[in-house]
Amino acid sequence: MKKIENVASAQNFSAINVGKFNGLYDYVMELGSDAKMQGKVFCGPAIGATGGEFSFQSFMPGTETGFLHMHKKHEELYFFLSGEGEFQVDGKVFPVTEGTVVRVAPAGERSVRNNGTCPLVMLCVQYKAGTFTDEDAADGIIMDKPVKW
């Protein structure tokens, strides 16, 4: 089973590498004693994320999630990085391709499938719904010092 590489870290940052997207299928997520999901890797714990979770997933042609799921409190953003397929939310099915972004509220019943001819690669970002405020939108501070490489 493939492992996430730690690239660098210090007090205020950490960096990881999951490898090339065409190698995502080498990751295996254990769902239970007899259930595994090929091609999915959760990254939050490896990078020390404290405000949300994110995962990369690759679906080979003809494969799908295989189940509907929803969340109690977490909203999800799905960023499609390559390939083509279909996404389903609450029974509505629509196409997804490279560049598609899908937001799903916690109660949305969702699933994804690859009905294309090459791997469908996505990044999923999960966070607690309803927590981003106007104050958060103005949280960034531009530093008054030069960038040195």
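This text follows the structure it describes.
Summary of the structure given here. (Residues numbered from 1 in each chain as written. Predicted model: local features only at pLDDT ≥ 70, side-chain atom pairs only at ≥ 80, totals over all residues. Heavy atoms only, no water.)

### Focus on the sheet that holds strand E6 (residues 53-59)
Alright, step 1. Pairing is antiparallel in the open sheet, where five strands are placed in the order E5-E6-E12-E7-E10. Only two strands of the sheet have a single partner each, and these edge strands are strand E5 (40-42) and strand E10 (101-104). Recorded for the sheet is a direction-independent mean angle of 15 degrees between the axes of neighbouring strands.
Alright, step 2. Judged from the four bridges that link them, strand E7 (residues 74-82) and E10 form a sheet pairing that is antiparallel. By the bridge assignment for E10, Phe 79 is matched with Val 101. (Pairing = 2+ DSSP bridges. Helix = DSSP H or I, 4+ residues; strand = E, 2+ residues; numbered from the N terminus. Axes fitted to C-alpha atoms, helices over the stretch in contact; angles between N-to-C directions.)

### Regarding the layout of surface pockets
Alright, step 1. When its volume is computed, the largest pocket comes out at roughly 260 Å³.
Alright, step 2. Elements with a minimum of two residues in the lining of the largest pocket: E5, E6, E7, strand E11 (110-113) and strand E12 (120-128).
Alright, step 3. Residue composition of the lining of the largest pocket, grouped by class: 12 nonpolar, seven polar and four charged. (1 Å grid on protein atoms, 1.4 Å probe; cavity = no way out; pocket = protein on both sides within 12 Å on 5 of 7 lines; lining within 4 Å. Points joined across faces, edges and corners; volume = space filled by probe spheres on them. Nonpolar A, V, L, I, M, F, W, Y, C, P; charged D, E, K, R; others polar.)

### Some details on the nonpolar core
Alright, step 1. Counting 12 residues, the largest nonpolar core consists of Phe 59, Tyr 78, Phe 80, Phe 87, Val 89, Val 96, Val 102, Val 104, Val 112, Leu 120, Met 122 and Cys 124.
Alright, step 2. Broken down by element, the residue count for this core peaks at three residues, all from E12.
Alright, step 3. For Val 96, the residues in contact, after removing those within four places along its chain, are Phe 80, Gly 83, Glu 84, Gly 85, Glu 86, Phe 87 and Val 102.
Alright, step 4. Counting residues in each nonpolar core, the second largest holds 10 residues, with Ile 16, Tyr 27, Val 41 and Val 121 among its members. (Core = buried A, V, L, I, M, F, W, Y, C linked by side-chain atoms within 4.5 Å. Buried < 20%, exposed > 50% of the residue type's maximum accessible area, 1.4 Å probe, protein only. Contact = heavy atoms within 4.5 Å.)

### Remarks on the pattern of salt bridges
Alright, step 1. Considering all chains together, one arrives at three salt bridges under this definition.
Alright, step 2. Note that Glu 76 and Arg 110 form a salt bridge whose closest N and O atoms lie 2.6 Å from each other. One end of the pair, Glu 76, is in strand E7; the other, Arg 110, is in strand E11, with 34 residues separating them in the sequence.
Alright, step 3. Judged by its relative accessible area of 4%, Glu 76 is buried.
Alright, step 4. Arg 110 sits in the buried class, given a relative accessible area of 0%. (Salt bridge = Lys/Arg side-chain N within 4 Å of Asp/Glu carboxyl O.)

### Comments concerning the packing of aromatic side chains
Alright, step 1. Following the criterion strictly, the structure yields five aromatic pairs and no others.
Alright, step 2. When the centroid spacing of 4.8 Å and the interplanar angle of 65 degrees are considered together, the rings of Tyr 78 and Phe 87 count as edge-to-face.
Alright, step 3. A residue is classified by how much of its surface remains accessible, and Tyr 78, at 3% relative accessible area, is buried.
Alright, step 4. Among the aromatic residues, those joined into a ring-pair cluster are Tyr 78, Phe 80, Phe 87 and Phe 94. (Phe/Tyr/Trp six-rings, centres within 6.5 Å; stacked < 30°, edge-to-face > 60°.)

### Focus on the environment of Ile 141
Alright, step 1. By the element assignment, Ile 141 lies in the segment after helix H2 (134-137).
Alright, step 2. When the C-alpha positions of Ile 141 and Lys 40 are compared, they lie 34 Å apart, and in sequence the two are 101 residues distant.

### Points about the side chain of Gln 57
Alright, step 1. Within the secondary structure, Gln 57 is located in strand E6.
Alright, step 2. Not counting the four nearest positions on each side in its chain, Gln 57 is found in contact with Leu 24, Met 37, Gly 39, Lys 40, Leu 120, Val 121 and Met 122.

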